[in-house]
Amino acid sequence: MEEASVDSEQDVTGQGSGRFQEIESDDQNSEKIESDELFVQNGRQIEANGLDDQNCVTDDGQKEFVAPAVGMEFESYDDAYNYYNCYAREVGFRVRVKNSWFKRNSREKYGAVLCCSSQGFKRIKDVNRLRKETRTGCPAMMRMRMVDSKRWRVLEVTLEHNHSLGTKTYKSIKKTGAGNKKKLDSNCNAEVQTIKLYRALVIDAGANRNANFSARRCQTSSDFHDKLNLRKGDTQAMYNYFCRMQLTNPNFFYLMDLNDEGQLRNVFWIDARSRAAYAYFVDVIYIDNSYLSNKYEIPLVAFVGTNHHGQSMLLGCGLLAGETKASYVWVFKAWLTSSLGRFPQTIITERCKVLETAINEVFPRSLHRFALSHIMRKVPEKLGGLRNYDVIRKALFKTIYEGLKPFDFEAAWRVMIQRFGVGDHEWLCSLYNDRAKWAPVYLKDTFFAGMATARLNETLAAFFDKYVHKQTPLKEFLDKYELALQKKFKEEALADMESRSSNPELKTRCSFELQLSKVYTREIFKRFQLEVEEMYSCFSTTQLHVDGQVVIFLVKERVLEEGNRREIWDYEVLYNRTAAEVRCICSCFNFYGYLCRHALCVLNFNGVEEIPSKYILPRWKKDYKRLCAPDVESSSTESTEQVQWYSQLYRSALQVVEEGVISLDHYKVALNAFEESLSRVHHIEEKPNKNLL
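Definitions and cut-offs
- For every chain, the first residue of the written sequence is number 1, and numbering continues from 1 onward in sequence order.
- Totals for whole chains, interfaces and linings use all residues, but because this is a predicted model, local features are given only for residues with pLDDT of at least 70 and pairs of side-chain atoms are given and counted only at 80 or more.
- Where side-chain values are given, they derive from all heavy atoms of the structure, hydrogens and water being excluded.
- In this text, helices come from DSSP runs of H or I with a minimum length of four residues, and strands from runs of E with a minimum of two, each type numbered from the N-terminal end.
- We call two residues contacting when some pair of their heavy atoms lies within 4.5 Å.
- Residue-level accessible areas treat just the shown protein chains as cover; the underlying method is Shrake-Rupley with a 1.4 Å probe.
- Planes of paired rings set the category: under 30 degrees apart is stacked, over 60 is edge-to-face and the rest tilted, where pairs are Phe, Tyr or Trp rings (Trp by its six-membered ring) whose centres lie within 6.5 Å.
- Exposure classes here rest on a 1.4 Å probe applied to the protein chains alone. A residue is buried below 20% of its type maximum, exposed above 50%, and partly exposed in between.
- Remark: a charge is flagged as sitting over a ring if the NZ atom of Lys or the CZ atom of Arg is within 6 Å of the ring centre and within 35 degrees of the ring normal.
- The criterion for strand pairing is that DSSP finds at least two bridges linking the strands in question.
- Working convention: axes come from line fits to C-alpha atoms, limited for helices to the stretch in contact. Angles between N-to-C directions cover 0 to 180 degrees.
- Here is the rule for angles: anything less than 35 degrees is roughly parallel, anything more than 145 is roughly antiparallel, 65 through 115 is roughly perpendicular, and the remaining ranges are oblique.
- N or O atoms closer than or at 3.5 Å make up a polar contact, with two conditions inside protein: a donor-capable atom paired with an acceptor-capable one, and, for residues adjacent in sequence, both atoms drawn from side chains.
- How far a helix is expected to stretch is found by multiplying one less than its residue total by 1.5 Å.
- UniProt positions are given in the numbering used here, feature names are shortened, and annotations may be inferred rather than shown by experiment.
- With the far helix as reference, a near helix turned anticlockwise by less than a right angle produces a left-handed crossing, and one turned clockwise produces a right-handed crossing.
- Following the grouping adopted for this structure description, the nonpolar residues are Ala, Val, Leu, Ile, Met, Phe, Trp, Tyr, Cys and Pro, the charged ones are Asp, Glu, Lys and Arg, and the polar ones are all others, Gly among them.
- For patch detection, residues must exceed 30% relative accessible area and be free of salt bridges, and they are connected within 9 Å for like charges or within 5 Å for nonpolar side chains (Val, Leu, Ile, Met, Phe, Trp, Tyr).
- Any carboxyl oxygen of Asp or Glu that lies within 4 Å of a side-chain nitrogen of Lys or Arg is treated as forming a salt bridge with it.
- To count as a disulfide, a pair of cysteine sulfur atoms needs to be within 2.5 Å.
- By nonpolar core we mean a set of buried residues, namely Ala, Val, Leu, Ile, Met, Phe, Trp, Tyr and Cys, connected to one another through side-chain atoms within 4.5 Å.

Before going further, it helps to spend a moment on the overall build of the chain. Scanning the chain from N- to C-terminus turns up 21 helices and 21 strands. The contacts in the chain between residues at least 6 apart in sequence include a share of 66% that link residues at least 24 apart. Split by element, the accessible area of the chain, about 33800 Å² in all, is 49% carbon and sulfur.

Here's what the structure looks like:
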């Protein structure tokens, strides 16, 4: 056997030298090892910052491996080799290890080149052998190297061959140590498991090493559906889209999950701007699975939040094989990985037991609440067949929306059940049992940031409502996805500019209105301004009871009811002057994030001229994203200062980019600012003993 050639190279750390070892197998050696080739793929869960579906399924049921690409990352050298081996078997060629690089001291492998067995030509001394020449100088290869994260990254790929390919039954050529050789199963479909394959993160590599999401911990259970129900070419289209986004959108993140047969099962992705937005608006999210539950062409799950203008914003997307606990657990953990493990304060979903179970498992510290608007949409379906449906519906709505205390709700519910004889109605019974998660009277201690839908006719609209219909195919959705996000980002940038450059018109002489006109974004101020105006519908503020420092006030309000008639409602407001606390029984502050007219009346009654700072949420401020530096890495015990600096600089630069594309003038100013900043950074003199990013 030809002795491997060895060269040495200087270690850049100065603490020793590394060793270069080139191993090139000839046909004889290849033939000898071929029968003992090891084909083991570790783990059933694919985990990537993005990988692609490795296996596409064609019309004839055959699996087709996605070709290797620059930027792919693997957990180990064996995973990388096994992947290239699988790809080679499907295409129809054999794999050979052309080069390997080892460190001198530890003998740890840190680089390799895998190539087609037809690569190169025989040496002169081997020409006279009787065996037929099989090498053609084929250029097909994959060069990879171990990076700082200890993963193996693909650095160079050549896919073209200069010879005819086989019939997808080749075995690969790989040298294995004594005692570690296993027979290769001739059937590629037998006991095939998934390789753990990664795509590199450009910006969050350091943080992702600490992510609390691993393939083994996410091992799926038998209740997973087999695979995504996609059309022909959808998987390749998704792969191409993810690769393109990885190159043009450096903080783009995605994960894919394969089943035991190597078929695509679940997918998650989030773009860079959505990841940056999540760092600011992590408090409340809405998990929209309406596309999945309503059997759309694309089984989409969307993570939706609300920004400082009250606009909906996308915080991630997933495609699921089915509405199972395992599918939901997988996509939730994938989403947590992209957010560096930061938990939301409140999660809103439709009323679904499977979702509830998955959320309790993955988000144990978050408050899970059901979207009231989703429940109300089911009323015609669930109660439409009842006698006196219209009257029952009206009584149900009155019970839900007009009760201010749990006692009021309970009493009204009992009256409704007894009056219409629906005590044994299955849906109403189950609804009542879950009342603590959806009825407004029970949710007054839950913060919703305006996503509560606690008032009649309020709804949580689907993020892609105007872009996706039931028959929209995946390829079309990927294009519309980009359009939807671009529109949302532009709306936010325009709202930012408008909030900073214009002064809203004041409609009263109330000091509260003037105070918050300088603080809130334009849209949030309009909502608060309505509360200020409606203070004049509150005609009486009286003291009811004193309990130490706490004083209970009664505020009477004329409320417009159906048919333009007005009713007088009583609202209790607790006020503590010493602690500067005020709380109304309507809980407007927790539901919507600003004080209600009743609380404002009590403050005004007590001579308070400015709203206490604790009731002016930073998330509604017009300069929130400029002044706030979210501690995204706080959940990571191993995060470094450099990672935190990188993240904050990225978010700050992204704000300039978003507003810099509004117009040509904005673009010129933003570009000049970047160039000036870069020049100033380059001229900073490095000081000794001080680390600079």
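We are not done yet, so read on.
Another aspect to go through is the packing of aromatic side chains. Enumeration over the complete set of coordinates arrives at 43 aromatic pairs. When the centroid spacing of 5.2 Å and the interplanar angle of 75° are considered together, the rings of Phe-464 and Phe-477 count as edge-to-face. Of this pair, Phe-464 sits in the loop between α13 (426–433) and α14 (474–501) while Phe-477 sits in helix α14, and the two are 13 residues apart along the sequence. As far as the burial class goes, Phe-464 and Phe-477 line up, both buried. The lysine or arginine in question, Arg-365, covers the ring of Phe-343, its NZ or CZ lying 4.1 Å from the ring centre.

This part is about the sheet that holds strand β16 (residues 346–349). Spatial strand order, β11-β12-β15-β14-β13-β16-β17: seven strands in an open sheet with mixed pairing. Sheet topology places β11 (253–258) and β17 (367–370) at the edges, where each strand pairs with a single neighbour. Looking at each pair of strands side by side, their axes are set apart by 20° on average, direction ignored. As defined by bridge partners, strand β14 (residues 300–306) adjoins strand β15 (residues 312–319) across six bridges and the pair is classed as antiparallel. Within β15, the residue paired with Val-301 across the bridge is Gly-318. Strands in contact with helix α5 (residues 272–280) are β11, β12 (264–270) and β15; relative to β15, the strand with the most contacts, it is inclined by about 120°. The sheet contacts of α14 involve β12, β14 and β15, and relative to β15 the element is tilted by about 160°.

It is the contact of helix α4 (residues 234–248) with α14, at a shortest axis distance of 9 Å, that shows an interaxial angle of 25°. By the angle between their directions, the pair α4 and α14 is classed as roughly parallel. Along the contact surface, α4 presents Asp-234, Ala-237, Met-238, Tyr-241 and Met-245, while α14 presents Leu-474, Lys-475, Leu-478, Tyr-481 and Glu-482.

Further remarks concern the environment of Thr-324. Tracing the chain through its elements places Thr-324 in the loop between β15 and α7 (325–338). Spatially, the C-alpha atom of Thr-324 lies 8.8 Å from that of Ala-358, the residues being 34 residues apart in sequence. Separated by 3.0 Å, the side chains of Thr-324 and Ser-327 make a polar contact.

Turning our attention to α14. Its 28 residues place the ends of α14 40 Å apart at the C-alpha level, agreeing with the 40 Å of an ideal helix rising 1.5 Å per residue. For α14, the full list of buried residues reads Leu-474, Phe-477, Leu-478, Tyr-481, Ala-484, Leu-485, Phe-489, Glu-492, Ala-493, Ala-495, Asp-496 and Ser-499.

Time to look at the pairing of strand β18 (residues 538–547). Note that β18 and strand β19 (residues 550–560) share eight bridges and pair antiparallel. Note on β19: the bridge partner recorded for Cys-538 is Glu-557. Between β18 and β19, which pair antiparallel in sequence order, lie two residues; one of them, Gly-548, sits at a positive phi of approximately 65°.

The subject of this paragraph is the UniProt feature "domain: SWIM-type" (unreviewed entry) in the chain. The positions that UniProt labels "domain: SWIM-type" (unreviewed entry) are, in the present scheme, residues 571–607. What you have in residues 571–607 is 38% helix and 27% strand, and the ends, taken at the C-alpha atoms, are 20 Å apart.

Right, let's get into the packing of α7 against helix α8 (residues 353–362). Remark: α7 packs on α8, axes separated minimally by 9 Å, with the N-to-C direction vectors making an angle of 40°. Put simply, α7 runs oblique to α8. Between α7 and α8 lies a crossing whose hand is right-handed. In contact with Lys-325, Tyr-328, Val-329, Phe-332, Lys-333 and Leu-336 of α7, α8 contributes Val-354, Leu-355, Thr-357, Ala-358, Ile-359, Glu-361 and Val-362. In the contact of α7 with α8, the residues fall into nine nonpolar, one polar and three charged.

A word on a nonpolar patch on the surface. Judged by side-chain polarity, Val-656, Val-657, Val-661 and Phe-674 come together as a nonpolar surface patch covering roughly 310 Å² of accessible area. For Phe-674, the location among the structural elements is in helix α21 (residues 664–682).

Here four strands make up an open sheet; going across it, the order is β18-β19-β20-β21 and the pairing antiparallel. Each of the sheet's edge strands pairs with one partner strand only, and the pair in question is β18 and β21 (581–584). The sheet shows a mean angle of 25° between the axes of neighbouring strands, direction not considered.

This next bit is on the state of the cysteines. Covalent bonding between the sulfur atoms of two cysteines defines a disulfide. Taken as a whole and assessed by the stated rule, the structure comprises zero disulfides. Here Cys-588 stays unpaired: no disulfide links it, and the sulfur of Cys-586, its closest cysteine neighbor, is 5.3 Å away. Among the residues examined, Cys-588 registers a relative accessible area of 4% and is labelled buried.

Here we come to the pattern of salt bridges. The final tally for this structure, using the stated rule, is 28 salt bridges. One salt bridge connects Lys-325 with Glu-361, and the closest N-O pair in it is separated by 3.0 Å. Of this pair, Lys-325 sits in helix α7 while Glu-361 sits in helix α8, and the two are 36 residues apart along the sequence. Judged by its relative accessible area of 32%, Lys-325 falls in the partly exposed class. Here Glu-361 falls in the partly exposed class, since its relative accessible area comes to 40%. The residue Glu-476 makes a salt bridge to Lys-480 at a minimum N-O spacing of 2.7 Å. Separated by four residues within a single helix, Glu-476 and Lys-480 lie in helix α14, roughly one turn from each other. The network of salt bridges with shared partners includes Arg-351, Lys-353, Glu-356, Asp-434 and Lys-437.

One can find Leu-404 in the loop between α11 (389–402) and α12 (406–420). Taking the C-alpha atoms as reference points, Leu-404 and Pro-440, separated by 36 residues in sequence, lie 8.3 Å from one another. Discounting residues that sit within four places of it in the chain, Leu-404 has contacts with Val-441, Lys-444, Asp-570, Tyr-571 and Ile-585.

On to the nonpolar core, then. In a soluble, globular protein the nonpolar side chains are often hidden away together inside. Counting 85 residues, the largest nonpolar core has Trp-269, Phe-464, Phe-477 and Phe-528 as the members making the most contacts within it. The greatest single-element share of this core, amounting to seven residues, is contributed by α14. In this view, Phe-464 contacts Tyr-291, Leu-300, Leu-314, Cys-317, Phe-477, Tyr-481, Ala-484 and Leu-485; residues no more than four positions away in its chain are not counted. Grouped together as the second largest cluster of nonpolar side chains are 33 residues, Tyr-280, Phe-281, Leu-292 and Leu-320 included.

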